[in-house]
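# Survey of secondary and tertiary structure
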Amino acid sequence: MLNRIKTVTIGIAGLMFGAFQAQSSTIGFVEEFSSDVAGWENSVNTPLTYVASGGADGGGYASATFNYNGFSSPFGGGPVTFRGSLSDNASGGAFTGDYLTEGVGEIRVSFRHNAPESLNLFLRVATGFNFPGAVIGQMVNVLGNVWTEVAFIIDPSSPACIAEGVTCAAALSDVGNIQFGTDAPVDLTDNDFAYTLDIDRVSILAIPEPGTALLLGLGLGGLALRKRGVKHA
């Protein structure tokens, strides 16, 4: 992904962690961009554009543009297009902290774009210095011109989590940057055009309680039985 700084050693990065004040994530927080971009930035670390209406919930949202023409990365994947950094106090630091100790189970975001190709969104987390970190992929094909909610499960043992310089567990335990990016379809890298990318309702959710998960499973099981019963009636 963009900004993966291979030349920084793990040891040096470890010495730098203490320069950022520890933060705690805010479980249940939803960034709705109701009045501004809340400190979020784009691919070149400048503030996103604020749009007052037309978001996933009808209200405000944050927007960026990106030209994929000629884009390539030595690390594979696509560009980081949205950045919420502790250094910018993005969303008041709600998305930074120790995800594992604090029980963060899921990050969700509503995403929209106007590209002619479907895009896959990824989540990247990193320390306050943007390295080391981890990337969490999500194979959801987001079609153009429609708000789509994408969910990322926070699980250090998941094969969807790709570590950068440390283990996924270590990266998820020291989040100072939360970022979203897209893949880079070949057809878009051949077009010299800046596409519009929008985000809204970025949320941080807790790991479901065991009882809740059990009830959900029982409910789904009962629904499946009812459907089978109707089918064979």
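The residue numbers shown here count from 1 along each chain, following its written sequence. With pLDDT at 70 or above as the cut-off, local features in this predicted model cover only qualifying residues; side-chain atom pairs require 80 or more to be listed or tallied, and sums for whole chains, interfaces and linings still use all residues. Water and hydrogen atoms play no part in the side-chain values, which are based on all heavy atoms of the structure.

## Some thoughts on the overall build of the protein chain
- Helix and strand definitions here come from DSSP, where helices need a minimum of 4 consecutive H or I residues and strands a minimum of 2 consecutive E residues; each element is numbered from the N-terminal end. Scanning the protein chain for helices and strands turns up four helices and 11 strands.
- Throughout, exposure labels follow a simple rule: accessible area from a 1.4 Å probe, protein chains only, divided by the maximum for the residue type, with under 20% read as buried, over 50% as exposed, and the rest as partly exposed. Scored against the burial criterion, the 233 residues of the protein chain give a buried share of 42%.
- Residue contacts follow a heavy-atom distance rule, with two residues in contact if any of their heavy atoms lie within 4.5 Å. The contacts of the protein chain with a sequence gap of at least 6 include a subset with a gap of at least 24, amounting to 80%.
- To be clear on the numbers: accessible area is Shrake-Rupley with a 1.4 Å probe, and residue cover counts the displayed protein chains and nothing else. Carbon and sulfur atoms provide 57% of the accessible area of the protein chain, an area that totals close to 11,200 Å².

## Section: the packing of aromatic side chains
- Here a Phe, Tyr or Trp ring, Trp counted by its six-membered ring, pairs with any other such ring whose centre lies within 6.5 Å, and the pair is stacked when the planes are under 30 degrees apart, edge-to-face when over 60, and tilted otherwise. Counted by the stated rule, this structure contains 11 aromatic pairs.
- An angle of 80° between the planes, with centres 5.7 Å apart, marks the rings of Phe-29 and Phe-95 as edge-to-face. Separated by 66 residues along the polypeptide, Phe-29 in the loop between helix 1 (10–16) and strand 1 (30–31) and Phe-95 in the loop between strand 4 (80–85) and strand 5 (104–113) bring together distant segments of the chain.
- Looking at Phe-29, the relative accessible area reads 25%, which means it is partly exposed.
- A residue is classified by how much of its surface remains accessible, and Phe-95, at 1% relative accessible area, is buried.
- For the pair Phe-82 and Phe-111, a centre-to-centre distance of 6.5 Å together with 80° between the ring planes defines the contact as edge-to-face.

## Describing the pattern of salt bridges
- Any Lys or Arg side-chain nitrogen located within 4 Å of an Asp or Glu carboxyl oxygen qualifies as a salt bridge. A full pass over the atoms with the stated rule returns six salt bridges.
- For the salt bridge of Glu-32 with Arg-201, the shortest nitrogen-to-oxygen distance reads 2.7 Å. Of this pair, Glu-32 sits in the loop between strand 1 and strand 2 (49–51) while Arg-201 sits in strand 11 (residues 194–206), placing them 169 residues apart in sequence.
- What makes Arg-201 partly exposed here is its relative accessible area of 28%.
- Residue Arg-124 is joined to Glu-164 by a salt bridge in which the shortest nitrogen-to-oxygen separation is 2.8 Å. Residue Arg-124 is located in strand 6 (residues 121–126), and its partner Glu-164 is located in strand 9 (residues 161–164); the two are separated by 40 residues in the primary sequence. Glu-164 matches Arg-124 in its accessibility class, with the two residues each being buried.

## Points about the nonpolar core
- Put simply, buried Ala, Val, Leu, Ile, Met, Phe, Trp, Tyr and Cys residues joined by side-chain atoms within 4.5 Å make one nonpolar core. Core analysis: the biggest nonpolar cluster contains 43 residues, and Trp-40, Tyr-99, Ile-107, Phe-180 and Ile-199 have the highest contact counts within it.
- Those elements giving two or more residues to this core turn out to be strand 3 (61–67), strand 5, strand 6, strand 7 (133–136), strand 8 (148–153), helix 2 (168–172), strand 10 (177–182) and strand 11.
- It is strand 11 that provides the largest number of residues to this core, a total of five residues.
- In this structure Tyr-99 touches Ser-25, Val-104, Ile-107, Val-125, Ile-154, Leu-172, Ser-173, Val-175, Ile-178 and Ile-204, once residues within four positions along its chain are discounted.

## With respect to the side chain of Asp-200
- As for its position among the elements, Asp-200 is in strand 11.
- As used throughout, the charge tally considers Lys and Arg to be positive and Asp and Glu to be negative, leaving His and the chain termini uncounted. Despite its burial, Asp-200 pairs with no opposite charge, the nearest such side chain being Arg-201 at 6.2 Å.
- The residues touching Asp-200, leaving out its near neighbours within four places in the chain, are Glu-31, Glu-32, Phe-33, Gly-55, Ala-56, Asp-57, Gly-60, Tyr-61, Val-109, Ser-110 and Trp-147.

## Comments concerning the sheet that holds strand 9
- Here, strands pair whenever DSSP counts at least two bridges between them. The strand order 4-10-6-7-9 describes an open sheet built from five strands, whose pairing is antiparallel. Looking at strand neighbours, the two that pair on one side only are strand 4 and strand 9, the edges of this open sheet. Strand after strand, the sheet turns through a mean of 20° between neighbouring axes, direction not considered.
- Here strand 4 runs beside strand 10; their pairing, made up of five bridges, is antiparallel. Residue Gly-84 lies in a different strand from strand 10, and its bridge partner there is Ile-178. With axes taken as lines fitted to C-alpha atoms, and helix axes fitted only over the stretch in contact, angles between N-to-C directions fall between 0 and 180 degrees.

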